[in-house]
2 protein chains.
Amino acid sequence: MSEHVYLGADIGGTFIKLAIIDEKGNIIKKWQIETNKRNQGQDIPQDIYESFKVHLFNEKISFDQVYGLGMGAPGFVDLPTGMVVEAVNIGWKNFNLKKAMESFVKKPVFVLNDANLAALGENWKGAGRNVYDLIMVTLGTGVGGGIISNGQVITGSNGTGGEIGHIIVTPGEGPVCNCGRRGCIETYASATGIARLGQEALQEGKSTSLRKAAHSQHTITAKDVFEAAKKGDSISQDIIQEVTDKLGFVLANLAVALNPKKVVIGGGVANAGEQLLEPVETSFRKYSLPRTAEICSFELAELGNDAGVIGGAYLVKQKLNL
Amino acid sequence: MSEHVYLGADIGGTFIKLAIIDEKGNIIKKWQIETNKRNQGQDIPQDIYESFKVHLFNEKISFDQVYGLGMGAPGFVDLPTGMVVEAVNIGWKNFNLKKAMESFVKKPVFVLNDANLAALGENWKGAGRNVYDLIMVTLGTGVGGGIISNGQVITGSNGTGGEIGHIIVTPGEGPVCNCGRRGCIETYASATGIARLGQEALQEGKSTSLRKAAHSQHTITAKDVFEAAKKGDSISQDIIQEVTDKLGFVLANLAVALNPKKVVIGGGVANAGEQLLEPVETSFRKYSLPRTAEICSFELAELGNDAGVIGGAYLVKQKLNL
C-alpha cells in the first residue's frame, strides 16, 4: 500500500468513473456511479465525495493520505479557476466544479476537459510513454482531442485547447456539425460520421454488403462499415479510405506545427485497430513534412476507459510538482 | 545601467543581428555583422564572440555581468542540444552551435529556430504582451511561425515546431513549395506567393493595373499587389482575398487546437497593415469555433527586426528561471 494516493474522477453524461490511484499511477480501486442530473447537476460534487469516502474507508486509506483530486468534465473548462463553462449533457453552465469539490474533499482539486485528461493519462501510463509532445485523438460519438507540448497539456486561453474535432477539412461543405458549422473532421471521422457515410451509400442505392447489416438492424454502425470493408466490400473500403485520408491530413497539418513524437488514437472507432491506424498513418506521412513524419509514431490508446481517471492522478501530480 | 545583461543573436543568411539587452528587455545596444559563410560557416561563433567582446567593452560591461546568450538560426534546431540540424543559407549541417558558442563565451547559450525566437520576442516586449498562448506568423520570402503555449515556445520533438508555413491548404494542388510538396500556405501567403499570383494574372492576360508595375520593373512584388488593390484594381483585390482567406483558414484550424489569446502577424507582407490584418481576421472568425474566436485578438508585430534578439534575451531568462 502506498503512503499517498491520488483520486481521479471522469464525469460523463451517464456515468462518473472514479478511482483511487497510487503514486506510480497504478489503480488501487476503480468503480463508477450514475451521473445525477437532477437539480442541474448541482449534487454531483457531493455524490462524488460520498462515494470516495466509502471506498477510501473500505481500502483503509484516510483522507490525509490523499494528495488531491483530478477531474475531467465533458465541455469547456477553465483550468486556473476550475470553472466548467458549459457541459450540455450534465446541465452545468458556469459551474465552479473545483470550488464545489474542494469544499467537500478539503484537498487540491484540478479540473480539465475530459479529452484533455485522457491524453494526460495515456501520456503517463499508456501509449504516450511520457513523451514531451503528443497528440491524442478520440474517435467516439464525436471526435475529442488532447495535446501535450513541452510535457504539459494545452488547455489554451479559454478552454478550447485540443478541440481537434472542430478542425475544418471541407470548408462550407458536408453535414452540419454539432458546433453549427460544416466540414469539421468530427463529421467524418467520428463513429457517427462513418455510420452516416454508410447510410448515405445505401440511400444512393449503391451496391454494398452494408445493405444486409441495415436490413437486420435498421441502422448502420461504424463497426458495420469496418467489418464489411474487411470482407472486401468496396463501398465500405472507399468510406474508410476517405475518412482516414481526411483524418491523416488534419493530423499532419497539426503535427507540422506541433512536431509530436507520438499520435495516439483512442475511442470506440479505434477498436478497428490496424484497419484504422495503418491508412491514417499512410495519409499522415503523405501530407506531413518528411522531418515531422520521421520522428512521429502512431499508437492505439492503451488505457481505454481508465485514461481519464489516470489522467486525473497525473494532473494532480503535475500541478503539485510531485 | 543594469547590473546584469542578456546577449541576443539572430543569425540570417546575409547579416547577423546582435544586441546587448537589459534585465527588463530593453535594448542597450544593437548592431549587425555580416554572415561569414566561408569555411561552411564554421567561423561564425568566433565572429559573434569577438563582436560582443568589443561592444561589451565599449559599453563598459564585463562578461561577468552577462547571464547568457540566446540565439536564433534559420533552420531546424534541436533545443536541448543546441544542434542546428540544417541551415541551408549558411552551410551548417548538424552543427552544434550551442557547444561552439559556449566554448567562447563561457556562459549558458540557448539556440532556437529564428521564427520561434521572434515569437518569444514579440511575446515578451511586443504585440504578444506576455499572454500564455500565442501564434505568430511571419510573412516574408517564406512563411515562418512560432507558437507559445502555456507560456513556453513549442519546438517539438525534432525542431519542426511552429512550421506553420508548411501547413497544407490545397492538397496536391498549387505550385511546388521549397519543401518539395504542393499546397503549403507558404506558396500563397508569403511575399513570393502573392507576387506569383500577380505574375500569373498577367500571364493569363487579365486586365489589371499590375501591368504598369510590371512594365516599369519587369517584375511584380507583393507590395505592388497591395498598392494596386488599394487603388481599386479588382484582380489584385481578388488575389488578396484569396490569400487572406487561406491564411485565416489555416490560423483558425490551428487556433481551434491551440486556443491562443493573440495571433501576431509580422514580416515584410505585414507592412500592408490593416489591408492584410482585417481580411485575415474576418476569414479566421468565419472558420474558427465561436468560443475560440471570442478570446483571440489579431495584432501586427511591433518589434520588427529586433524581435529575434529580444527573443534571445527572453529565452535565456526563461531557461535560467530569472
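Cut-offs applied
Numbering of residues starts from 1 in each chain and follows the order in which that chain's sequence is written. The lettering of chains begins at A and the numbering of ligands begins at 1, in the order of writing. Under the rules for a predicted model, residues below a pLDDT of 70 receive no local features and side-chain atom pairs below 80 are neither given nor counted, while totals for whole chains, interfaces and linings still include all residues. The helix count covers DSSP runs of H or I at least four residues long, the strand count covers runs of E at least two residues long, and both are numbered beginning at the N terminus. When we talk radius of gyration, it's over C-alpha atoms, and the globule rule is simply 2.2 Å times the number of residues to the 0.38. Counting other C-beta atoms within 10 Å of each residue's C-beta, where C-beta atoms are placed from the backbone, gives the exposure class: buried for 20 or more, exposed for 12 or fewer, partly exposed between. What counts as a contact is two residues whose backbone-derived C-beta atoms lie within 7 Å of each other. When DSSP finds at least two bridges between two strands, those strands are taken to pair. Between N-to-C directions, angles cover 0 to 180 degrees, with each direction set by a line fitted to C-alpha atoms, over the stretch in contact for helices. One less than the residue count of a helix, multiplied by 1.5 Å, gives the span that helix is expected to have. Working definition: the arc comes from the directions between the helix axis and the C-beta atoms, pointing outward to the latter. We superpose the copies by least squares over the C-alpha atoms of residues that have a pLDDT of at least 70 in both of them. As a per-residue measure, pLDDT tells how confident the predictor is, with possible values from 0 to 100. In this scheme the handedness of a crossing depends on how the near helix is turned from the far one: anticlockwise by less than a right angle means left-handed, clockwise means right-handed. Classification convention: Asp, Glu, Lys, Arg as charged; Ala, Val, Leu, Ile, Met, Phe, Trp, Tyr, Cys, Pro as nonpolar; all other residues, Gly among them, as polar. Put simply, a nonpolar core is a cluster of buried Ala, Val, Leu, Ile, Met, Phe, Trp, Tyr and Cys residues tied together by C-beta atoms within 7 Å. Note that domain bounds follow an automatic or database assignment of domains.

A. A look at the overall build of chain A. Tallying secondary structure elements over chain A gives 11 helices and 13 strands in all. Computed over the C-alpha atoms, the radius of gyration of chain A is 20 Å, within 12% of the 20 Å expected from 2.2 N^0.38 for a compact globule of 322 residues. In terms of its C-alpha atoms, chain A occupies a principal-axis envelope of roughly 65 × 45 × 35 Å. Buried positions account for 53% of the 322 residues belonging to chain A. Relative to all contacts within chain A whose residues are 6 or more apart in sequence, the contacts with residues 24 or more apart total 64%.

B. Spotlight on the sheet that holds strand 7 (residues 92–96) of chain B. All names here are of chain B. An order of 5-6-7 is seen for the 3 strands of this open sheet, with the pairing classed as antiparallel. The two strands at the open ends of the sheet, each matched to only one other strand, are strand 5 (76–78) and strand 7. Taking the axes of each pair of neighbouring strands and ignoring which way they run, one obtains an average angle of 10 degrees across the sheet. In terms of strand pairing, strand 5 meets strand 6 (residues 83–87) through 3 bridges, oriented antiparallel. Each bridged residue has a counterpart across the sheet, and for Phe76 the counterpart in strand 6 is Glu86. Across the face of the sheet, helix 2 (residues 97–105) comes into contact with strand 6 and strand 7 while running at roughly 50 degrees to strand 7.

C. Region of interest: unusual backbone geometry. Residues and elements named next belong to chain A. Look at Asn150: it is not a glycine, yet its phi comes out positive at around 50 degrees. Residue Asn259 is not a glycine yet carries a positive backbone phi of 55 degrees. Tracing the chain through its elements places Asn259 in the loop between helix 8 (234–258) and strand 12 (262–266). Overall, Asn259 belongs to the buried group, with 28 C-beta atoms counted inside 10 Å.

D. Main features of the interface of chain B and chain A. Of the residues lining the interface, 37 residues belong to chain B; the matching set on chain A comes to 37 residues. Breaking the side of chain B that touches chain A down by element, the ones donating at least two residues are strand 10 (143–149), helix 8 (234–258) and helix 10 (290–295) of chain B. The element best represented in the side of chain B that touches chain A is helix 8 of chain B, accounting for 6 residues.

E. Representation of the environment of His218(B) within the structure. Residue and element names in this part refer to chain B. Note that His218 resides in the loop between helix 6 (210–217) and helix 7 (222–230). C-beta crowding within 10 Å serves as the criterion here: with 7 such atoms nearby, His218 is assigned to the exposed category. Put simply, His218 and Glu163 are 55 residues apart on the chain and 32 Å apart in space, counted from C-alpha to C-alpha.

F. Broad picture of the sheet that holds strand 13 (residues 297–300) of chain B. All names here are of chain B. Read from one edge to the other, the open sheet built from 5 strands follows the order 11-10-9-12-13, with strand pairing classed as mixed. Each having just a single partner strand, strand 11 (152–153) and strand 13 make up the two edges of the open sheet. Note that strand 9 (residues 134–139) and strand 12 (residues 262–266) share 5 bridges and pair parallel. In the sheet register, Leu134 faces strand 12, and the bridge partner there is Lys262. Relative to strand 9, helix 8 is tilted by about 155 degrees, and along the sheet it contacts strand 9, strand 10 and strand 12.

G. View of helix 9 (residues 274–287) of chain B. Residues and elements named next belong to chain B. Compared with an ideal rise of 1.5 Å per residue, which puts 14 residues at 20 Å, helix 9 spans 20 Å between its outermost C-alpha atoms and is within 8% of the ideal. The set of residues buried in helix 9 consists of Leu276, Val280, Glu281, Ser283, Phe284 and Tyr287. For helix 9, the angular spread of the buried residues around the axis is 165 degrees, confining them to a single face. Structural note: helix 9 exposes Glu274 and Glu278 on the side pointing more than 90 degrees away from its buried face. Summarising the contacts, the buried residues of helix 9 are in contact with helix 8, strand 12, helix 10 and strand 13.

H. Up close: the relation of the copies chain B and chain A. The transformation that overlays chain B on chain A combines an axial shift of 0.0 Å with a rotation of 180 degrees, and the residual RMSD is 0.0 Å. Both copies are brought into coincidence by an operation consistent with a two-fold rotation axis. Among all C-alpha atoms of chain B, that of Leu254(B) lies closest to the rotation axis, at 3.5 Å. Both copies share a contact surface, since 100% of the interface residues of chain B are interface residues in chain A too.

I. Representation of the confidence of the model for chain A within the structure. Scored by pLDDT, chain A comes out at a mean of 95, with 99% of its residues at no less than 70. Quick note on the complex model: pTM equals 0.94, ipTM equals 0.94.

J. Quick look at the packing of helix 7 of chain B against helix 8 of chain B. All names here are of chain B. Running from N to C, helix 7 and helix 8 point in directions that differ by 120 degrees, and their axes come no closer than 7 Å. The way helix 7 lies across helix 8 gives a crossing that is left-handed. Here Val225, Phe226, Ala228 and Ala229 of helix 7 lie close against helix 8, whose contacting residues are Ser236, Gln237, Ile239 and Ile240. Of the residues that constitute the contact of helix 7 with helix 8, the class distribution is 6 nonpolar, 2 polar and no charged.

K. Representation of the pairing of strand 10 of chain B. Residues and elements named next belong to chain B. Extensive coverage of strand 10 is indicated by the burial of 7 of its 7 residues. The side-chain alternation of strand 10 yields two buried faces, one formed by Val143, Gly145, Ile147 and Ser149 and the other by Gly144, Gly146 and Ile148. Looking at chain direction, strand 9 and strand 10 are connected through 6 bridges and run antiparallel. Across the sheet, residue Thr138 finds its bridge partner in strand 10, namely Gly144. A loop of 3 residues connects strand 9 with strand 10, the two strands running antiparallel in sequence.

L. Region of the structure containing the nonpolar core. The biggest cluster of nonpolar side chains holds 210 residues, and the ones touching the most others in it are Ile135(A), Val225(A), Leu251(A), Ile135(B), Val225(B) and Leu251(B). For Val225(A), the contacting residues outside a window of four places in its chain are Ile194(A), Gly198(A), Leu210(A), Ile220(A), Ser236(A), Ile239(A) and Ile240(A).

M. Structural detail: the domain arrangement of chain A. Residue and element names in this part refer to chain A. Entries for chain A in the domain assignment read domain 1 (5–123 + 305–319) and domain 2 (131–301). Centre-to-centre separation of domain 1 and domain 2, based on C-alpha positions: 28 Å. Contacts between the two partners involve 15 residues from domain 1 and, on the opposite side, 18 residues from domain 2. Among the elements of the structure, strand 5 (76–78), strand 8 (109–113) and helix 3 (114–125) are those that each provide at least two residues to the side of domain 1 that touches domain 2. Counting residues per element, the side of domain 1 that touches domain 2 draws most heavily on helix 3, at 7 residues. Taken together, the residues of the side of domain 1 that touches domain 2 sort by class into 10 nonpolar, 3 polar and 2 charged.

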